[in-house]
Amino acid sequence: MSQTDHSTSVFPPIAFIGGGNMASAIIGGLIRQGVPASSITVVEPFEATRAAIKTSFGIDALPAATEALQSAQLVVWAVKPQSFKEAAAPVAAHTRNALHLSVAAGITTDSIAAWTGTRRIVRAMPNTPALVGKGMTGLFARPEVDAQGKALIETVIGSTGELSWVDKEAHLDAVTAISGSGPAYVFLFLEAMTQAGVDMGLSAEQSYKLAVATFAGGSELAARSSESAEVLRQRVTSKGGTTYAAITHMQEQKLPEHFIEAMRKAQVRAQELAAEFGK
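Residues numbered from 1 in each chain as written. Predicted model: local features only at pLDDT ≥ 70, side-chain atom pairs only at ≥ 80, totals over all residues. Heavy atoms only, no water.

Caption draft 1: Inspection of the pattern of salt bridges at higher detail. Counted under the stated rule, the structure contains eight salt bridges. Among the salt bridges present, the one from Glu169 reaches Arg123, with a minimum N-O distance of 3.0 Å. On the criterion of sequence distance, the pair formed by Glu169 in the loop between β7 (161–165) and α6 (171–180) and Arg123 in strand β5 (residues 121–125) is long-range, its members being 46 residues apart. The exposure classification of Glu169 matches that of Arg123, with both residues buried. One network of salt bridges, in which partners are shared, links Asp110, Arg142 and Glu144. (Salt bridge = Lys/Arg side-chain N within 4 Å of Asp/Glu carboxyl O. Helix = DSSP H or I, 4+ residues; strand = E, 2+ residues; numbered from the N terminus. Buried < 20%, exposed > 50% of the residue type's maximum accessible area, 1.4 Å probe, protein only.)

Pasting the structure below:
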């Protein structure tokens, strides 16, 4: 589903538990869509982060949970997995009637339900391009979340980019491996392409600009095309040409297989996080 504009003339009160990068990305997206800052409450224990939220959005973040959370119809959990259980304890008493949205990697909805006292939970796996409105978020909703609740979640997450619902919660581990962790894969390739350019005599600035624009352009071409990535690759890989030389070397070194195995490692780590911090 693509990013869309939603009516925000009457937006329900929303509370963020945690005010870091992902919370800021969502808050920024909502405000750009016309949601008033007065509809948003933020609980953030770190003073420097509270100050940044005040500067960026004009929101006076709370250092700890208070009765102010009772008006929230949606609670967004933007905390680290290892901090979730501890953060939930003082919040739960005020938010049992709210819809809950978690962007914490690996923490299952069963754990969240046990800690918050509600089963109206949606789990999200966003990624960092949400910071610039180009995010990709996978979503899973428990059966207790109705169509109205899902629509509200789509409004909130849609403000940061695109989204896709999955039918099984376990599939969020695959989302984590592909798009959640995916920006880091892109950055790793950008590092390598930049270094290659320097090794071939270009400046680091030239190489980086070429690499970034190539990823952006290639992704846009793929997004607009009805053809598969395999077909698109074949179209620019003339046998015996320069691209063929590079692609053939990558295939001989089993780069695609290694890349797939690397994403499997990310999937397994997401499962381990659930076991480690979800108790």
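Caption draft 2: Geometry of the UniProt feature "domain: Pyrroline-5-carboxylate reductase dimerisation" (unreviewed entry) in the protein chain. UniProt tags residues 169–273 as "domain: Pyrroline-5-carboxylate reductase dimerisation" (unreviewed entry). The distance from the first to the last C-alpha atom of residues 169–273 is 14 Å, and the span holds 82% helix and 0% strand. (UniProt positions renumbered as here; feature names shortened; annotations may be inferred.)

Caption draft 3: Here's a closer look at the domain arrangement of the protein chain. Considered domain by domain, the protein chain is made up of domain 1 (14–172) and domain 2 (181–275). Averaged C-alpha coordinates put domain 1 and domain 2 at centres separated by 32 Å. Across the contact, seven residues belong to domain 1 and four residues belong to domain 2. For the pairing of domain 1 and domain 2, the buried interface totals around 410 Å² over both sides, and the portion due to carbon and sulfur atoms is 69%. The three residues of domain 1 that bury the most area against domain 2 are Gly106, Asn127 and Thr128, which together make up 49% of that side's buried surface. On the surface where domain 1 and domain 2 come into contact, there are zero salt bridges. (Domains from an automatic or database assignment. Contact = heavy atoms within 4.5 Å. Buried area = accessible area lost by both parts, 1.4 Å probe.)

Caption draft 4: Representation of the nonpolar core. Judged by nonpolar contacts, the single largest core of 33 residues is most densely connected at Ile14, Phe16, Leu74, Leu101 and Val156. Top element by residues in this core is helix α1 (residues 21–32). It accounts for six residues. Discounting chain neighbours no more than four positions away, the residues touching Leu101 are Leu74, Val75, Val76, Trp77, Val122, Ala124, Leu139, Ile153, Val156 and Ile157. In terms of nonpolar packing, the next biggest core, distinct from the first, is built from 18 residues, Ala15, Val75, Trp77 and Ala88 among them. (Core = buried A, V, L, I, M, F, W, Y, C linked by side-chain atoms within 4.5 Å.)

Caption draft 5: Spatial organisation of helix α11 (residues 255–277). With 23 residues, α11 should cover 33 Å at 1.5 Å per step; its first-to-last C-alpha distance of 33 Å lies within 8% of that length. When we look at burial in α11, the residues that qualify are Met263, Ala266, Gln267, Ala270, Leu273 and Ala274. Of the surrounding secondary structure, the elements contacted by the buried residues of α11 are α6 and α7 (182–199). (Expected span 1.5 Å × (residues − 1).)

Caption draft 6: Summary view of the sheet that holds strand β1 (residues 14–17). Strand order across the open sheet formed by seven strands is β2-β1-β3-β4-β5-β6-β7, with mixed pairing between neighbours. Whereas interior strands pair on both sides, the edge strands pair on one side only; in this sheet they are β2 (40–43) and β7. On average, each strand axis in the sheet is inclined to that of its neighbour by 20°, with strand direction left out of account. Summarising the sheet, β1 and β2 pair through four bridges and their orientation is parallel. Each bridged residue has a counterpart across the sheet, and for Ile14 the counterpart in β2 is Ile40. (Pairing = 2+ DSSP bridges. Axes fitted to C-alpha atoms, helices over the stretch in contact; angles between N-to-C directions.)

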